[in-house]
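Notes for the structure review
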Amino acid sequence: MKKLLTLLISAVLLIGSVGVFAGCGGDGNTPGGDDPGNGSGGNSINYNGTININLPVKDYPFEDIALQAVADAYMELHPETTINLEGQTSSTYKDWLDSQFAGGASVTDADIVQTLLISNTYLTSRMVDYSSYLVQPNPYNDNQAWRDVLEADAYPLSTDRSGIYTMNFTTNMSFFFYNKTLWREAGLVDENGNDRIPQTWDELLQFCAQIQQRMPEIVPFTAGGATYTTGTMSWLLNIYGDQYFRSIVEDIHAIAGDYCYDPDIDADWQLDITDKDNDSPSNYTANMLRFYGAVMDGDITPNDAKYKAMISNLKDLTSYCQENFISNNYYQAEELFWTGSAAMVYNTTDFFNTYKQIFEQRPEATKFEIGFFPAPPMTGTGESAPDATTVRSVGGAVGWYGVVQKDKEHNDLVMDFMMFWGSQQGQDIYNQSLKEQGAYVSGNSLVKGVEMPEEIYPAKDYEFPGLCHNNPVGQFFGNLCSMNGTVYQTFELLCRNYFSGASTIDNFASQFTTALQQGIPNYMTQLGWRSDAYLTPERDPSL
């Protein structure tokens, strides 16, 4: 799943997400009766059926084995049910999904898929809406309403707010990871011999300088500079773009009279940077037309002193990267870390399992311990100062499990299995399997009452710092670049030129601003909107 996660977090600055249950009505998928049934008196579920699970777990056999353990436990409870777990590879999963949905409603045999790369059209027309099931009692969790068993991030509302088509059972966050052996050889320890952790961006750069000075043959920090819309550089742009522009929502949130204004949440919303979830899409509405209008007017652009400061800081870090940083992709750069040639990388908590796999596959390699720490905040003064003093994370809720729409009886059966998997009982089985395999989870559970053993989640003591994807600036920049090939190509070229030293920060910012402004009318058209819709943010752009 790691490759798909990389695709998710691939916006130029941030990729937006929507994440709460909003009391949406059902779509006729409510299980018969009040009890979905668990073989102990309930008769609303016809357990005589087959459930096909098609998730991209083939690259990570421990996830495959853990999910099989859950399936086996369910089939013990319901011997009439057959569950087929057919793992897919991450690299071909999107193509496989497209082929499943391209031929019409009756083509696919798949029942449970990952919705991450499914278009919104297929999401709302081909997937079952969880809304009506979430209010049903979960027979595998003391008959509590399923919604009450889960954290709110487990069941995100779709971007068009039409329903809930995705389920998440765990979380993910990002860290700087370091080689403990090299760290200590560089003298980055305190008087008690404990690893020192940088508290600010400037201190991080000082650590890099110390590594370089004491061990010239070691790369202080490795990253791939061949692309800036996926992998490490994208993630760093995500988190620090959010830090610098945390208050931008004040200027672009929907106001009374806007076509997208929702009085239930927008009337009383106020910005509070100290609240890491204040700008969650469930709390207010961002009017993207106001954002693009501000870009066209020059009020929000890469020419901003804050954006220049952020990009300049990142260039300072990449000066400590490998010589071929610009030509290296994500995997080439990371290989330097695994061979002990680089001291640090930046990655998500999926990295724990990558660490396990790498050294299992290379028994002759010299294994080292890894440490990790949250991204330290950048600092500045005056117009170049970031809006926030804290850095939020990429990641957030992960899983993206969707149920493919079939007939109601079959939908009810598949949802009953999802209730089992999404219960404390099901999660304990899954986690116990990971523990027995010596594998890891990517984050804390979104199922209430689940105790996460430290053996399977080394970062369990770190509180999630908030989701940088909540910041709409990255979502809108990212959507513009991803849908407009010219803007995307320009951004990639400008980044390579700037980070290689072939261009100045002023040239980079000016040319990127021009590319964005030239791309906005075409982007509006691609969305099926008026090309000048940004001029009238109060009007529905599709009319």
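Each remark here, short or long, concerns the structure printed above.
This write-up is about the structure you can find in this document. (Residues numbered from 1 in each chain as written. Predicted model: local features only at pLDDT ≥ 70, side-chain atom pairs only at ≥ 80, totals over all residues. Heavy atoms only, no water.)

Regarding the overall build of the chain
Stated formally: A run of H or I in DSSP becomes a helix once it reaches four residues, and a run of E becomes a strand once it reaches two; helices and strands are each numbered from the N terminus. Throughout this description, buried means an accessible area under 20% of the type-specific maximum (1.4 Å probe, protein chains only), exposed means over 50%, and partly exposed covers the range between. Here the Shrake-Rupley method, with its probe set to 1.4 Å, supplies the accessible areas, and only the displayed protein chains count as covering residues.
Looking only at helices and strands, the chain has 20 helices and 12 strands in total. Residue burial in the chain is summarised as follows: out of 543 residues, 56% are buried. Accessible surface computed for the chain: about 21,200 Å², of which carbon and sulfur atoms make up 45%.

Some words on the packing of helix α2 (residues 61-77) against helix α17 (residues 424-437)
The line we're drawing: Here an axis means a line fitted to C-alpha atoms, over the contact stretch when the element is a helix, while the angle between two N-to-C directions is reported on a 0 to 180 degree scale. An angle below 35 degrees is read as roughly parallel, one above 145 as roughly antiparallel, one from 65 to 115 as roughly perpendicular, and any other as oblique. Left-handed is the label given to a crossing in which the near helix is rotated counterclockwise from the far helix by less than a right angle, and right-handed is the label when the rotation is clockwise. What makes two residues a contact is simply this: any of their non-hydrogen atoms within 4.5 Å. Amino acids are sorted into nonpolar (Ala, Val, Leu, Ile, Met, Phe, Trp, Tyr, Cys and Pro), charged (Asp, Glu, Lys and Arg) and polar (every other residue, Gly among them).
Relative to each other, α2 and α17 sit at 140°, their axes nearing to 9 Å. For the element pair α2 / α17, the angle class is oblique. Here α2 and α17 pass one another in a crossing that is right-handed. Residue-level inspection shows Pro61, Phe62, Glu63, Ile65, Ala66, Leu67, Ala69, Val70, Ala73 and Leu77 of α2 in contact with α17, the latter providing Gln425, Gly426, Ile429, Tyr430, Ser433, Leu434 and Gln437. Taken together, the residues of the contact of α2 with α17 break down into 12 nonpolar, four polar and one charged.

Focus on the packing of aromatic side chains
Spelled out, the test is: Ring pairs are drawn from Phe, Tyr and Trp, using the six-membered ring of Trp, whenever the two centres fall within 6.5 Å, and their geometry is named by plane angle: stacked under 30 degrees, edge-to-face over 60, tilted for the rest. We call a charge positioned over a ring when the NZ of a Lys or the CZ of an Arg lies within 6 Å of the ring centre and within 35 degrees of the ring normal.
Applying the stated criterion across every chain, the model contains 49 aromatic pairs. Relative to phenylalanine 368, the ring of phenylalanine 359 has its centre 5.4 Å away and its plane inclined at 85°; by these criteria the two rings are edge-to-face. In textbook terms, an aromatic cluster arises when at least three aromatic residues are bridged by ring pairs, as seen for Phe175, Phe177, Phe337, Trp338, Phe351, Phe352, Tyr355, Phe359, Phe368, Phe372, Tyr440 and Tyr462. One residue, lysine 315, lies across the ring of tyrosine 498, its end atom 4.6 Å from the ring centre.

Some remarks on the pattern of salt bridges
Where side chains of opposite charge bring their charged atoms close, a pairing between them can arise. Using the following cut-off: Salt bridges are counted wherever a side-chain nitrogen of Lys or Arg sits within 4 Å of a carboxyl oxygen of Asp or Glu.
In the structure shown here, the tally under the stated rule is 17 salt bridges. For aspartate 258, the salt bridge is made with arginine 290, and the minimal N-O distance between the two is 2.8 Å. Taken together, the residues aspartate 258 in the loop between α10 (249-252) and α11 (263-266) and arginine 290 in helix α12 (residues 288-297) connect sequence positions 32 residues apart. Since its relative accessible area comes to 6%, aspartate 258 is described here as buried.

Comments concerning the pairing of strand β10 (residues 370-373)
Put simply, the test is: For two strands to count as paired, DSSP must find a minimum of two bridges between them.
In β10, alternate side chains face the same way, and those of Ile370 and Phe372 on one face and Gly371 and Phe373 on the other are all buried. In this structure, strand β7 (residues 174-179) lies alongside β10, joined through four bridges in antiparallel fashion. By the bridge assignment, tyrosine 178 is partnered in β10 with glycine 371.

Focus on the packing of α2 against helix α16 (residues 408-421)
One way to put it is that α2 packs onto α16 with a least axis distance of 10 Å and a crossing angle of 115°. Like other packed secondary-structure pairs, α2 and α16 cross with a definite hand, here right-handed. For the pair α2 and α16, contact is made by Leu67, Val70, Ala71, Ala73, Tyr74 and Leu77 and by Leu413, Asp416, Phe417, Phe420 and Trp421, respectively. Grouping the amino acids of the contact of α2 with α16 by side-chain chemistry returns 10 nonpolar, no polar and one charged.

A closer look at the layout of surface pockets
To keep things clear, this is the line we draw: Grid points spaced at 1 Å and placed over the protein atoms alone form the basis of the search, with a cavity being a set where a 1.4 Å probe fits but cannot get out and a pocket an open set showing protein on both sides within 12 Å along at least five of seven lines. Lining residues have an atom within 4 Å of a point. Grid points are joined across faces, edges and corners, and a volume is the space filled by probe spheres set on the points.
The volume enclosed by the second largest pocket comes to roughly 380 Å³. Along the wall of the second largest pocket there are 23 residues; nearest its centre are Pro374, Ala375, Thr390, Val391 and Pro465. Per-class residue counts for the lining of the second largest pocket are 13 nonpolar, six polar and four charged.

Re the sheet that holds β10
Taken together, the four strands give an open sheet; going across it, the order is β8-β9-β7-β10, and neighbouring strands pair in mixed fashion. Every other strand in the sheet has two partners, leaving β8 (219-221) and β10 as the edge strands with one partner each. Averaged over all pairs of adjacent strands, the angle between strand axes in this sheet comes to 30°, irrespective of strand direction. The pairing of β8 with strand β9 (residues 342-348) spans two bridges and is classified as parallel. Looking at β9, one finds that phenylalanine 221 is bridged to methionine 344.

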